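# Remarks on the overall topology
Chain by chain, the residues:
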Amino acid sequence: MVNDSHFEKENFRSLIESDEIGNVEERLNVIDVFLNTEEHVTLEEMMQLLKERGFDYETEFVKQCMNRWVVHGFAQKKLFEGQPPRYEHHHLGRHHDHLICTKCGRIAEFNDEEIETLQLKIATSRGFHMLQHKMEIYGLCSQCVSQRTPLMPLAMAKSGEKLIITDIMGGTHARDRLTSMGLRRGDSLEIINNNGLGRLIVGHGTTRMALGRGIAQKIMVSLPSEKPDEADI
Ligand SMILES: [Zn+2]
Ligand SMILES: [Zn+2]
Ligand SMILES: [Zn+2]
């Protein structure tokens, strides 16, 4: 990696020198810091890393540098759902896909030859010439799964989760209200949208319904058994 990044830095130097855009040393410092992290960094995180190395540059200058690397093929700009733009290295000839935790934001990389081949096969069989693709899997990382309680209020569920109603708290009034909406213990719910504020939109059978946060605090849900549902595959 050290040789790789040394080579990339020199490659970058010759490109920016030919662009004649000035501030060559400052730009090289920024790329040096970027090449030394293996993370998917936001602009803010880059500013922090630069500060730690004793470089105090304008945010706009750093942003401009990052975008130039994207153009020159040293960095890739990633727009993961629910996150600010992130930059990662662009290693020529190498490819990977991502697992993104919607709770803590952790990003893990993977590369699976079977998936890669299958995607190419699907495109080719439809006479489609594939140029590129992105595969992003959203969910909860192993750490977040292990930290979560088996039983939680529906209000804490994440968009995209499929959960089972385990209990309904509150008095008979709350129970009656939920029963009148057709919600019963043992029913499956799919969280369509929960932004942490206001109402939640959930799927119940073939119906979409809006639930206030108060009532969503009273519905206790748990994860269905961890076995993947074969009908979904
Ligand atoms: Zn891929
Ligand atoms: Zn996580
Ligand atoms: Zn990545």
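The coordinates are above.
This write-up is about the structure you can find in this document. Just so it is clear, the model here is predicted, and its values are computed rather than measured.

## A look at the sheet that holds strand 11 (residues 219-222)
Across the sheet, which stays open at both edges, the six strands sit in the order 6-11-7-8-9-10 with antiparallel pairing between neighbours. Each edge of the open sheet carries a strand with a single partner, namely strand 6 (151-153) and strand 10 (207-211). For this sheet, the mean inter-axis angle between neighbouring strands, taken without regard to orientation, is 45 degrees. Pairing of strand 6 with strand 11, which is carried by three bridges, proceeds in the antiparallel orientation. Across the sheet, M152 pairs through a bridge with V221, a residue of strand 11.

## A word on the coordination of the zinc ion (ligand 2)
Around the zinc ion (ligand 2), the protein supplies C101 (SG), C104 (SG), C141 (SG) and C144 (SG) as donor atoms, at distances of 2.3 Å. Seen from the zinc ion (ligand 2), its four donor atoms lie at angles of 104 to 115 degrees, and the figure they make is tetrahedral. Of note, the zinc ion (ligand 2) draws all its donor residues from one chain, in the sequence arrangement C-x2-C-x36-C-x2-C.

## Some details on the sheet that holds strand 5 (residues 136-139)
Strand order in this open sheet of three strands is 4-3-5, and the pairing throughout is mixed. Two strands lie at the open edges of the sheet, namely strand 4 (107-110) and strand 5, each paired on one side alone. When strand polarity is set aside, the average angle formed by the axes of neighbouring strands in this sheet is 20 degrees. Where strand 3 (residues 97-101) meets strand 5, four bridges bridge the pair, whose relative direction is parallel. When the sheet's bridge partners are listed, H98 is paired in strand 5 with E136.

## Some points on the coordination of the zinc ion (ligand 1)
All of the protein donors around the zinc ion (ligand 1) are H95 (NE2), D97 (OD), D97 (OD), E116 (OE) and H133 (NE2); their distances to the metal are 1.8 to 2.8 Å. Taken in chain order, the donor set of the zinc ion (ligand 1) reads H-x1-D-x18-E-x16-H. Here H133 lies in the loop between helix 5 (113-125) and strand 5 and E116 lies in helix 5, a separation of 17 residues in the sequence. The buried category is assigned to E116, whose relative accessible area is 14%.

## Quick notes on the environment of N67
In this structure, N67 sits in helix 4 (residues 59-72). Classification of N67 by relative accessible area gives partly exposed; the value is 27%. Residues N67 and R213, spaced 146 residues apart in sequence, show a C-alpha to C-alpha distance of 41 Å. Not counting residues within four places of it along the chain, the set of residues in contact with N67 comprises K77 and Y87.

Conventions and cut-offs
Chains are numbered independently. Their residues run from 1 in the order of the written sequence. Throughout, the order in which chains and ligands are written sets their labels, letters from A for the former and numbers from 1 for the latter. Reporting of local features is limited, given that this is a predicted model, to residues whose pLDDT is at least 70; pairs of side-chain atoms are given and counted only at 80 or more, and all residues count toward the totals for whole chains, interfaces and linings. By convention in this description, side-chain values take in all heavy atoms of the structure and omit both hydrogens and water. DSSP-based pairing: two strands are paired if at least 2 bridges between them are found. Secondary structure elements are defined from DSSP: runs of H or I of at least 4 residues count as helices, runs of E of at least 2 residues count as strands, and each element is numbered from the N terminus. Orientation is described by lines fitted to C-alpha atoms, with helices fitted over the stretch in contact, and by angles between N-to-C directions that extend from 0 to 180 degrees. Ligating atoms shown are N, O and S within 2.8 Å of the metal, or 3.2 Å for Na, K and Ca, and water is not included, meaning a site may look less than complete. The rule is simple: four donors are tetrahedral if all their angles sit between 85 and 135 degrees, four are square planar and six octahedral if opposite donors span more than 155 degrees and the others lie between 65 and 115, and anything that fits none of that is irregular. A 1.4 Å probe rolled over the protein chains alone gives each residue an accessible area, and that area as a share of the maximum for its type sets the label: buried under 20%, exposed over 50%, partly exposed in between. Should any heavy atoms of two residues lie within 4.5 Å, those residues are considered in contact.

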